[in-house]
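A structural walkthrough
For reference, the chains in residue letters:
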Amino acid sequence: GLPFDANTGIKQVDNLIKKANDGDVKAQAALGHMYMEGDKVSTDYTLAYMWFNIARANGDKKAKDIIRDLTKQMNNSQVNEAQKLASLWWDTYRR
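Below, the structure is looked at part by part. (Residues numbered from 1 in each chain as written. Predicted model: local features only at pLDDT ≥ 70, side-chain atom pairs only at ≥ 80, totals over all residues. Heavy atoms only, no water.)

**Structural notes on the nonpolar core**
Threshold: Throughout this description, the term nonpolar core refers to a set of buried Ala, Val, Leu, Ile, Met, Phe, Trp, Tyr and Cys residues connected via side-chain atoms within 4.5 Å. In this scheme, a residue with accessible area under 20% of its type's maximum is buried, one over 50% is exposed, and one in between is partly exposed, where area comes from a 1.4 Å probe on protein chains only. Each helix is a run of DSSP H or I of at least 4 residues and each strand a run of E of at least 2, with the numbering of both proceeding from the N terminus. We call two residues in contact whenever any of their non-hydrogen atoms come within 4.5 Å of each other.
Ranked by size, the top nonpolar core spans 29 residues in total, and within it Leu 31, Tyr 35, Tyr 49, Met 50, Trp 51, Phe 52 and Leu 70 carry the most contacts. Looking at this core, the elements that each hand over two or more residues are α1 (11–21), α2 (25–37), α3 (45–57), α4 (63–71) and α5 (76–93). Beyond its immediate stretch of four places on either side in the chain, Tyr 49 contacts Ile 67, Leu 70, Thr 71, Met 74, Val 79, Ala 82 and Gln 83.

Quick look at the structure:
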């Protein structure tokens, strides 16, 4: 499935994904932090970037600086993939 399908098998993560998909900016940023720090999920900078990118577009003020710092730890293909995933999320949820 897609990384924003709520089927990780971890109830807390799935609940956050559902909230994030419903447009909850705090849930979107929380998922970014979880993937960035490897909290309850495997560390994945691509997915962290994706969620922070979505949160930023929805008004999260801190996400821009976090994305800038994350980008320093990622290669171009990871950033491109994260941007593609964020775009796919927008196409799916438009919130």
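Having seen the model, we can carry on.
**What to know about α5**
Stated formally: In a helix, the anticipated span is given by 1.5 Å times the number of residues less one. Arc definition: directions from the helix axis to the C-beta atoms.
The terminal C-alpha atoms of α5, which comprises 18 residues, lie 26 Å apart, in line with the 26 Å expected from a rise of 1.5 Å per residue. For α5, every residue scored as buried is listed here: Val 79, Ala 82, Leu 85, Ala 86 and Trp 89. Projection of α5 onto a plane perpendicular to its axis shows the buried side chains occupying an angular sector of 125°, all on one side. Residues of α5 that are exposed and point over 90 degrees away from its buried face: Asn 76, Ser 77, Lys 84 and Asp 91. Tucked inside the fold, the buried residues of α5 contact α1, α2, α3 and α4.

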